[in-house]
Protein chains: 2
Amino acid sequence: MNGAQSLLETFVTAGIDVCFTNPGTSEMHFVAALDKQPGMRAVLGLFEGVVTGAADGYARMAGKPACTLLHLGPGLANGLANLHNARRARSPIVNVVGEHATYHRALDAPLNSDIHGFAGPVSAWIRTSESASTVAGDAAAAVQAALTPPGQIATLVLPADTAWNEASGGADALEIPGLTAADPGAVDGAIAALRSGETCALLLGGTAVTDAALRLASRIGRKTGARVIGDTFLARIGRGAGRVDLPRLPYFAEQAEEALAGVRHLILVDTKAPVSFFAYPGQASELTPKGCEVHTLSRPGEDCIPALEALVEAVGAGAVDPQLSEHAPPRLPSGPLTPETIGQAVGALLPEQAILMNEAVTSGFALPGMTAQAAPHDWLELTGGAIGLGLPAAVGAAVACPDRRVLALQADGSAMYTIQSLWTMARENLDVTVVLFANRKYAILQVEFMRVGAENPGPKAMDMLDLSRPDLDFVHLAKGMGVTAVRATDAKSFNDALADSFATPGPYLIETVL
Amino acid sequence: MNGAQSLLETFVTAGIDVCFTNPGTSEMHFVAALDKQPGMRAVLGLFEGVVTGAADGYARMAGKPACTLLHLGPGLANGLANLHNARRARSPIVNVVGEHATYHRALDAPLNSDIHGFAGPVSAWIRTSESASTVAGDAAAAVQAALTPPGQIATLVLPADTAWNEASGGADALEIPGLTAADPGAVDGAIAALRSGETCALLLGGTAVTDAALRLASRIGRKTGARVIGDTFLARIGRGAGRVDLPRLPYFAEQAEEALAGVRHLILVDTKAPVSFFAYPGQASELTPKGCEVHTLSRPGEDCIPALEALVEAVGAGAVDPQLSEHAPPRLPSGPLTPETIGQAVGALLPEQAILMNEAVTSGFALPGMTAQAAPHDWLELTGGAIGLGLPAAVGAAVACPDRRVLALQADGSAMYTIQSLWTMARENLDVTVVLFANRKYAILQVEFMRVGAENPGPKAMDMLDLSRPDLDFVHLAKGMGVTAVRATDAKSFNDALADSFATPGPYLIETVL
């Protein structure tokens, strides 16, 4: 057994059975080892941003890491933006980055680079295996690091000779630390706030938006009048019929300030005090109202459930039911195709247990409302602001949940960062519907341009915010990568295409020109 | 004048007049400033790897930096692989990376990341502007750093408030250090070697493959019998009729060892002692023959021309002419379409002063021979091994040289890393012909798989090396991004399409299925 084989055996022992890959020469022994390890599925991406974004989507739905296989520093570099997003989502991921043989590194061959340097900003754990005999132990430690709450990115650098030299075997899985208990003093502080009679709000993130946590928060809110609000961007939340419909802190700072206006006690549950996404001249970056006291009920890595249960009991909400959404999807729309009618059709037709990946950006404003009373579904979104996660995450979610339909709601500008994802969808015949919102501009930037106080954009500036000249044709792009694709021109044709996609195995792209 | 305007003014004063961009909110004041600065052209890319690869291609042909405009850490991250290639090409580039406002950074908003961490492995110079008043001076220093021999990557981080706050004006250009003189002792050593009667070889890289340097080296070779060999990968070399036809050190280590067999004195000119691209089990990584003495005539950043002139004089080659290629292009091919007939047609039809960007990988083996006696042209290639440079570099070369045809010879697998380049070619109506070699596999990896001593690939391994299932359709992909595209099916149709592309303004893609 060589080092690469010991690596895969260790991963499979630890429950990691999917690898998203884009290998090169230095990873060939890992690739060869795949055929000796029936427990590991390998999914090829044509670009590393697809690989890492898929690992993020996979982790969010599978609740465990996939591994990635990346080619030296530049291969890792191409995957960093979606690793940044994954870090913000607290998704556990184990990166395997191939490296030159240990004795070859000092020669500074063309592909040599500072891999630890590239990996540092996104990784909670980095290690280079220095011999084949340590690979298995390093792999077990990497898995442990990835699964350490609240979920982390572990990067294992694998010099080629440690993959090809003889190793003694796989390693046992290491113990995964559990969530720790929230500070009892923090619980007491939150209870005192909720009992104060002053306006309270619970701001929820991370593990505080699981079904169980949301039901507890909803009961607290109903009993005490406290506002219950979710972070602006969440890695995953269950929505639709039978779930708590969680209002979110708005993206734009002044709307967020309005949502928090009058709050005297802000109780943070697995999140931090809210800040604006960007700074704007003359506007505050910190969104906590003046004079508001901030209470941290639980931090990332702490178990919020007992803490929320203590609040429920303390405020006497034990007999209060949570407020759950009814099943009342919108009717099918007719008329012209707009973001609203697209949202309406999505809400009307969404299959049970669909996984909705929202990277529709400005075109997606109607989606939350239109799907709140749709069939129960999971909702994923961009957590780190690095656009280009949507299509890769849809790949990963579909690999994690082969029995569920994935619906990627995707803006055109963002789609182009990782458009290669379509090919992997076709190769793996993944049940992904892509609704492509083609407004042919970076619409969010046209908004932000004004908001940051730049003057009216001149022609050169407008050119940087515009995606026409030439128009992108996503039907051609999808067909170029083997994906069925149609263009919808009105609500009726969109309804039909969306229903058709849900009834058709494999990927299916619908371009909507807005 | 705000900080962003002072930045652009400083750049234009220093002779930088092209910016490749993919901006976001934190860069909107830079974007707004474009309309106040007529001297700066902005070229949008849909993905940051296009932006940085274009800056590399531009620098190679313009001999000066472009600036890039990238959106925070993740935007920079997406451009790192091609910055790695640019670092290996010693291309001068000035990156401008937007950052959160200085007071916003500590709040760790979603897009916050360690930008210096990402930039470190590729940058020779990194600085964050800490106030609007320092932006102009920082910009001038960045240009100076980029142009410092042998050519470097400078990364300037621009917090949003330093762009929008008031600044006093642009800064003057700083003095650019010149090349330094080679060590006279090194020159003496090389002379002694050439006079020794033992077998010598000159290995040339960087500035030692300009026309002037190659002519000197050729004269030395003709006079002394020394082998004259170029590095395996060069940033730019003039080829074709009237130029020295420089043999290259082969990529595969055993072929490189053969090329150097018997050499007792290896004279390095602006390069380092050869090492194999990857390590292979049981094979040496250092390619200098045993017992061979290595003489470093000049190092990167040193002026190789006087050093070579000294050798010419010392060996009495003053009256010897260099060996220059005749103009004897191959005849137009007929018959089936193969890498050979494609190379033959390229050699036959290549326009005068074309810029040929070779990222054809295994499909390109016939190109050097078939173009050696073609019309004079410049040849660019991948220097850092991070595939996905070809199409972006073609964009940059075409922007730098609007009067010359660019011919991108591009493998299919590599093309998919930065396929978004096609859109920028269409938007800017760049005169780029893309010949897409579709062998539908990572053919180099199928070769390397065997070479690294992995056993015969099993089905899972083969799946990682294979690009069929589904086949990529580059005609569809090109049309999806507004680029004229055809598929050639035999030599005749390829000849016709290639000639048509050279006669047609704007971009033109020819897919060749091999």
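One structure accompanies this document, and this report is about it.

Conventions adopted
- Residues numbered from 1 in each chain as written.
- Chains lettered and ligands numbered in written order.
- Predicted model: local features only at pLDDT ≥ 70, side-chain atom pairs only at ≥ 80, totals over all residues.
- Heavy atoms only, no water.
- Helix = DSSP H or I, 4+ residues; strand = E, 2+ residues; numbered from the N terminus.
- Buried < 20%, exposed > 50% of the residue type's maximum accessible area, 1.4 Å probe, protein only.
- Areas by Shrake-Rupley, 256 points an atom, 1.4 Å probe, with all protein chains shown as cover.
- Lys, Arg positive; Asp, Glu negative; His and termini not counted.
- Charge placed at Lys NZ, Arg CZ, Asp CG, Glu CD.
- Least-squares fit on C-alpha atoms with pLDDT ≥ 70 in both.
- Contact = heavy atoms within 4.5 Å.
- Axes fitted to C-alpha atoms, helices over the stretch in contact; angles between N-to-C directions.
- Parallel < 35°, antiparallel > 145°, perpendicular 65-115°, else oblique.
- Left-handed = near helix turned anticlockwise from the far one by under 90°.
- Pairing = 2+ DSSP bridges.
- Nonpolar A, V, L, I, M, F, W, Y, C, P; charged D, E, K, R; others polar.
- Right-handed = clockwise from strand over helix to strand, strands pointing away.
- Phe/Tyr/Trp six-rings, centres within 6.5 Å; stacked < 30°, edge-to-face > 60°.
- Buried area = accessible area lost by both parts, 1.4 Å probe.
- Salt bridge = Lys/Arg side-chain N within 4 Å of Asp/Glu carboxyl O.
- Core = buried A, V, L, I, M, F, W, Y, C linked by side-chain atoms within 4.5 Å.
- Polar contact = N/O pair within 3.5 Å; in protein donor to acceptor, adjacent residues only side chain to side chain.
- Disulfide = S-S within 2.5 Å.
- Expected span 1.5 Å × (residues − 1).

The subject of this paragraph is the overall build of chain A. If you tally the helices and strands in chain A, you get 20 helices and 19 strands. Along the longest, intermediate and shortest principal axes, the C-alpha atoms of chain A span 65 × 55 × 45 Å. By residue count, 63% of the 514 residues in chain A fall in the buried class. A total accessible area of about 16,200 Å² is found for chain A, and carbon and sulfur atoms account for 51% of it. Between the mean site of the 35 positive side-chain charges and the mean site of the 52 negative ones, chain A shows a separation of 5 Å.

Let us now look at the relation of the copies chain A and chain B. Between the two copies, chain A and chain B, the superposition gives an RMSD of 0.0 Å; the rotation angle is 180° and the shift along the axis is 0.0 Å. Read as a symmetry element, the transformation amounts to a two-fold axis. The fraction of interface residues of chain A whose copies in chain B are also interface residues reaches 100%, indicating that both copies meet through the same surface.

Here we take up the packing of helix 3 (residues 48-62) of chain B against helix 4 (residues 72-89) of chain B. Residue and element names in this part refer to chain B. Between helix 3 and helix 4, whose axes approach to 7 Å, the crossing angle comes to 25°. Of the possible angle classes, the one that applies to helix 3 and helix 4 is roughly parallel. Like other packed secondary-structure pairs, helix 3 and helix 4 cross with a definite hand, here right-handed. Touching Glu48, Gly49, Thr52, Gly53, Asp56 and Arg60 of helix 3 are Gly75, Asn78, Gly79, Asn82, Leu83, Asn85, Ala86 and Ala89, all from helix 4.

This paragraph deals with the environment of Gly79(B). Residues and elements named next belong to chain B. Mapping Gly79 onto the fold places it in helix 4. Residue class for Gly79 comes out buried when judged on its relative accessible area of 0%. In this structure the C-alpha to C-alpha distance between Gly79 and Asn95, which are 16 residues apart in sequence, comes to 10.0 Å. Setting aside chain neighbours within four positions, we find Gly79 in contact with Glu48, Gly49 and Thr52.

Attention shifts here to the sheet that holds strand 8 (residues 200-204) of chain B. All names here are of chain B. Pairing is parallel in the open sheet, where four strands are placed in the order 9-8-11-12. Both outer strands of the open sheet, strand 9 (227-230) and strand 12 (293-298), are each paired with one neighbouring strand and no more. Ignoring strand direction, the axes of neighbouring strands in this sheet form an average angle of 25°. Two strands pair when backbone bridges link them, and strand 8 and strand 11 (residues 265-269) are joined in this way by five bridges, in the parallel orientation. What sits directly across from Leu203, in strand 11, is Leu268. Against the sheet, helix 9 (residues 211-224) contacts strand 8 and strand 9, and its axis sits at roughly 170° relative to strand 8. In the packing of helix 11 (residues 304-314) onto the sheet, the strands contacted are strand 8, strand 11 and strand 12, and the crossing angle to strand 12 comes to about 120°.

In this section: the packing of helix 1 (residues 3-13) of chain A against helix 6 (residues 132-147) of chain A. Residues and elements named next belong to chain A. Between helix 1 and helix 6, whose axes approach to 8 Å, the crossing angle comes to 25°. By the angle between their directions, the pair helix 1 and helix 6 is classed as roughly parallel. The handedness of the crossing between helix 1 and helix 6 is right-handed. Listed contacts from helix 6 to Gly3, Ser6, Leu7, Thr10 and Phe11 of helix 1 are Ala132, Val135, Ala136, Ala139, Ala140 and Val143. Looking at the contact of helix 1 with helix 6 residue by residue, the class counts come to eight nonpolar, three polar and no charged.

Side-chain direction in a regular strand flips from residue to residue, so the side chains alternate between the two faces of the sheet. Residue and element names in this part refer to chain B. For strand 18 (residues 484-488) and strand 19 (residues 508-513), the ladder comprises five bridges, and the chain directions are parallel. Bridge pairing links Ala488 to Thr512 in strand 19. Handedness of the crossover joining strand 18 and strand 19 through helix 20 (residues 491-503): right-handed.

Evaluation of the coordinates by the stated rule reveals 15 aromatic pairs over all chains. Between Phe233(B) and Tyr251(B) the ring centres are 6.2 Å apart and the planes differ by 75°, which places this aromatic pair in the edge-to-face class. Residue Phe233(B) is located in the loop between strand 9 and strand 10 (237-239), and its partner Tyr251(B) is located in the loop between strand 10 and helix 10 (253-259); the two are separated by 18 residues in the primary sequence. Aromatic ring contacts, followed pair by pair, group Phe233(A), Tyr251(A), Phe252(A), Phe277(A) and Phe278(A) into a single cluster.

Quick look at the sheet that holds strand 5 (residues 125-128) of chain A now. Residue and element names in this part refer to chain A. Across the sheet, six strands lie side by side as 2-1-3-4-6-5; this open sheet has parallel pairing. Looking at the sheet topology across the chains shown, the edges are occupied by strand 2 (41-44) and strand 5. Across the sheet, the mean angle separating the axes of adjacent strands is 20° when strand polarity is ignored. Examined bridge by bridge, strand 3 (residues 67-70) and strand 4 (residues 93-99) share four bridges and lie parallel to one another. If you follow Cys67 over to strand 4, its bridge partner there is Val94.

The next subject is the interface of chain A and chain B. By a widespread convention, an interface's size corresponds to the accessible area lost as its parts come together. Opposite the 101 residues of chain A that make contact, chain B presents 101 residues. Summed over both sides, the interface of chain A with chain B buries roughly 8,200 Å², with 64% coming from carbon and sulfur. Interface area lost by chain A to chain B is led by Arg427(A), Lys460(A) and Met464(A), which between them contribute 9%. At the junction of chain A and chain B, the tally comes to eight salt bridges. It is helix 4 (residues 72-89) of chain A that provides the largest number of residues to the side of chain A that touches chain B, a total of nine residues. Taken together, the residues of the side of chain A that touches chain B sort by class into 53 nonpolar, 29 polar and 19 charged.

Residue and element names in this part refer to chain B. This model, assessed by the stated rule, comprises 46 salt bridges over all chains. Measuring nitrogen to oxygen at the nearest pair gives 2.9 Å for the salt bridge that ties Asp138 to Arg127. With Asp138 in helix 6 (residues 132-147) and Arg127 in strand 5 (residues 125-128), this pair connects stretches of sequence that are 11 residues apart. The buried category is assigned to Asp138, whose relative accessible area is 7%. A residue is classified by how much of its surface remains accessible, and Arg127, at 32% relative accessible area, is partly exposed. Where Arg405 meets Asp431, a salt bridge forms, and the shortest distance between an N and an O atom there is 3.9 Å. Note that Arg405 is positioned in the loop between helix 14 (390-400) and strand 16 (406-411) and Asp431 in the loop between helix 16 (421-427) and strand 17 (432-438), a separation of 26 residues in sequence. Residue Arg405 is classed as buried on the basis of its relative accessible area, which comes to 8%.

Our next topic: the nonpolar core. Residues Phe11(A), Phe20(A), Leu80(A), Phe11(B), Phe20(B) and Leu80(B) are the most contacted members of the largest nonpolar core, which totals 215 residues. Dropping the residues within four chain positions of it, Phe20(A) is found in contact with Val43(A), Val51(A), Ala54(A), Ala55(A), Tyr58(A), Ala66(A), Cys67(A), Thr68(A), Leu69(A), Val395(A), Gly396(A) and Val399(A).

Residue and element names in this part refer to chain B. Among the secondary structure elements, Asn95 is positioned in strand 4 (residues 93-99). Engagement of the side chain of Asn95 in a polar contact is seen with the side chain of Thr155, the distance being 3.2 Å. Not counting chain neighbours up to four residues away, the residues in contact with Asn95 comprise Thr68, Leu70, Leu83, Ile153, Ala154, Thr155 and Leu156.

Before going further, it helps to examine the state of the cysteines. For the structure on display, the rule yields zero disulfides over all chains. Distance from the sulfur of Cys19(B), which forms no disulfide, to the nearest cysteine sulfur (Cys67(B)) is 3.3 Å.

Turning our eyes to something else, we now look at helix 9 of chain B. All names here are of chain B. For helix 9, which comprises 14 residues, the first-to-last C-alpha distance of 20 Å matches the rise-based estimate of 20 Å (1.5 Å per residue) to within 8%. When we look at burial in helix 9, the residues that qualify are Ala213, Leu214, Leu216, Ala217, Ser218, Arg219, Ile220 and Gly221. Of the surrounding elements, those touching the buried residues of helix 9 are helix 8 (184-195), strand 8, strand 9, strand 10 and helix 11. Gly225, located one to two residues past helix 9, shows a positive phi value of around 85°.

Let's shift gears to the side chain of Thr383(B). Tracing the backbone through its elements, the reader meets Thr383(B) in the loop between strand 15 (377-381) and helix 14. Polar side-chain contacts of Thr383(B) include one of 3.5 Å to the side chain of Arg60(B). Setting aside residues up to four positions removed in sequence, Thr383(B) forms contacts with Pro110(A), Arg60(B), Asn85(B), Arg88(B), Ala89(B), Phe233(B), Leu234(B) and Ala235(B).

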